[in-house]
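Tertiary structure, described
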Amino acid sequence: MKITSFDHYKEVYKHSVDQPEDFWAGIADSFLWKKKWDKVLEWNFKEPNIKWFQGAKLNITENCLDRHLETLRDKPAIIWEPNDPKEDHRVLTYRQLYKKVCQFANVLKNNGAKKGDRICIYMPMVPELAIALLACARIGAIHSVVFGGFSAQSIADRILDAECNIVITADGGFRGNKETPLKSIIDDALVRCPSVQKVIVLTRTRTPVAMIKGRDVWWEDEIKKVETQGIKDCPAEEMDAEDMLFILYTSGSTGKPKGVVHTCGGYMVYAGYTFDTSFQYQPNEVYFCTADIGWITGHSYIVYGPLSQGATSLMFEGIPTWPDAGRFWDIVDKFKVNIIYTAPTAIRSLMSFGEEPLNGKDLSSLTKLGSVGEPINEEAWHWFDEKIGHGHCPIVDTWWQTENGGHMITPIAGITPLKPGYASLPLPGVQPVLVDEKGTIIEGNEVSGNLCIRFPWPGMLRTTYGDHERCRQTYFATYPDMYFTGDGCSRDADGYYRITGRVDDVLNVSGHRIGTAEVENAINMHSTVVESAVVGYPHDIKGQGVYAFVVSPNMHDDPELTRKDIMMTVARIIGAIAKPDKIQFVSGLPKTRSGKIMRRILRKIAEGDTSNLGDTSTLLDPAVVEEIKAGAL
Ligand code: 6R9
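You'll find the chain entered in an unreviewed UniProt entry as Acetate--CoA ligase, with Mucilaginibacter corticis given as the organism. On record in UniProt, under Sequence similarities (unreviewed entry), the comment for the chain is "Belongs to the ATP-dependent AMP-binding enzyme family."

**Observations concerning the overall build of the chain**
If you tally the helices and strands in the chain, you get 19 helices and 30 strands. Over its C-alpha atoms the chain spans a radius of gyration of 24 Å, differing by no more than 12% from the 26 Å that the globule rule assigns to 633 residues. Put simply, the chain has 633 residues, and 61% of those count as buried. In the chain, the proportion of contacts linking residues at least 24 apart, taken out of those at least 6 apart, comes to 71%. Surface accessibility of the chain: about 23,800 Å² in total, with carbon and sulfur atoms responsible for 50%. Of the side-chain charges in the chain, 69 are positive and 81 negative, and the distance between the mean point of each set is 4 Å.

**Regarding the domain arrangement of the chain**
According to the domain assignment, the chain consists of domain 1 (6-452) and domain 2 (506-630). Between the C-alpha centres of domain 1 and domain 2 the distance comes to 33 Å. Taken together, the contacts link 23 residues of domain 1 with 21 residues of domain 2. In total, about 1,600 Å² of surface goes out of reach between domain 1 and domain 2, with carbon and sulfur atoms giving 48% of it. On the surface where domain 1 and domain 2 come into contact, there are one salt bridge. Put simply, Arg513 and Glu403 hold a salt bridge, and the shortest N to O gap is 2.9 Å.

About the criteria used
Residues numbered from 1 in each chain as written. Predicted model: local features only at pLDDT ≥ 70, side-chain atom pairs only at ≥ 80, totals over all residues. Heavy atoms only, no water. UniProt positions renumbered as here; feature names shortened; annotations may be inferred. Helix = DSSP H or I, 4+ residues; strand = E, 2+ residues; numbered from the N terminus. Rg over C-alpha atoms; globule rule 2.2 N^0.38 Å. Buried < 20%, exposed > 50% of the residue type's maximum accessible area, 1.4 Å probe, protein only. Contact = heavy atoms within 4.5 Å. Areas by Shrake-Rupley, 256 points an atom, 1.4 Å probe, with all protein chains shown as cover. Lys, Arg positive; Asp, Glu negative; His and termini not counted. Charge placed at Lys NZ, Arg CZ, Asp CG, Glu CD. Domains from an automatic or database assignment. Buried area = accessible area lost by both parts, 1.4 Å probe. Salt bridge = Lys/Arg side-chain N within 4 Å of Asp/Glu carboxyl O.

In structure tokens form, the structure reads like this:
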């Protein structure tokens, strides 16, 4: 299955395009199925209707756990490094992880969970988070993980949308010098969520929490019950390849976040295959993905991808800059990490501390580096290459999305010749195309356009939860018979792809997707705000920052205080991650005669480029633009 040379990649790629079904059947053969498929693929992008490995039966946890028990039972599956370097780290071997997943799966069953239930998970980055995901999958319940940085309001929206009946959380979580009261935030969310019958609470910070009789139970007590019941194993529920595995909410250009749905068979094959291929994982390598499991990167490349391949996955609870900016390198040194997979925003942030945090850290174990989440600028690429990889570690710049399930366009470590800033070439099985505004495919090289994918791959989303039409509209309606990514992209003379960023109203702030409409809605909730417009602007560390133009004619307090109130409002409605970096109060927004906000102009002003604002002849009131220009932050 391993790709051995660049020529070999080209051969495999050609086969994957000429005979996709044959190619994917070959890949899928290396996984464990309870029953093999009757048909590899059935699809149309019109409805859309996408089915991979129809008729097959499986459970992804048997691939991640059971099948390794014979050969890898004592190999570390998860190494966990706590937030506080003074606290002991933990190691869970495949055997131990298997046992813990079975135990917690039985806890879920004891608390009424069944196949098909939706279970919301809101937890810190501790091994029990991975255990919770796998336990859900074990019994066929659909997990919906919500990142710890989201507010009660956002959690409630997600719980209601998916009609979750169980929530798994912790008393609190540690990140850097902060403690987040997770259970208390859940309590606020649940005021609006009558569907939730049970809340299972893990002890982490042991901060005081409300425990409601009949609803809230402690994780540890429930485990003890299972132990006294003498139950050791938990048979893996037999799932259809196209049964749902999980829902993960992500932001788009309109409305509330949508629940991207991934299914059991295709996702398993895709997460496993791409992990193995992109990183060229070798047995006994220690692999460290710095993402949070609350995002797709954590789902696919901390939990399912690595574990399905019997890898050792290192999980870190904290942040790169605490207690100091050498933390990642301490971890690499401590555990002799071979592969580190991180985000450009983290690299840029660590770069800004200079080389001092690298002093005395032994990084010689590193053999491969990875980047994900946003375009990586050349300066960050070279720093990563030279200071961290010491010039001898390939950097895989992996382009993909929540909706994709796994890597799409990426170098293969040690195989694909690299170019800084280029996600390079598609993985086998992935058929990218660039299209112009009309949807015509742009052939040839040295071109740019909107990035689409013209053929299905096993890890792609199947629907958006509870609203299939929204899925069709968002991804399959812009260009007929193609999946539209929302990204702009160029292809150079060598056929290498370079992602240039979103072409829709989605911002990428520190690698997190944030919809401008969502932030505007939150700002507009503030009592004195009449309307607002949010755009992105280049930010040295975050990649993009959030710039809000706000109309608030009747401010009671001084603007500084109102600014803070608006920040607080956004933190309440969405979460701290969506707080604007800049708020400019304006008397009106630039609009066309038909009432449309001219974002193009606002973007230019936010970028500090006011010399050429383009065509302003359709503006209703040109004076507004002059005022905004004069007051730009
Ligand atoms: C995995 C993940 C997806 C959006 C995507 C694109 C941007 C991700 C990138 C990249 C350039 C890369 N993006 N990886 N842009 N180079 N290597 O991040 O998923 O949170 O859904 O974000 O992130 O704009 O459309 P998600």
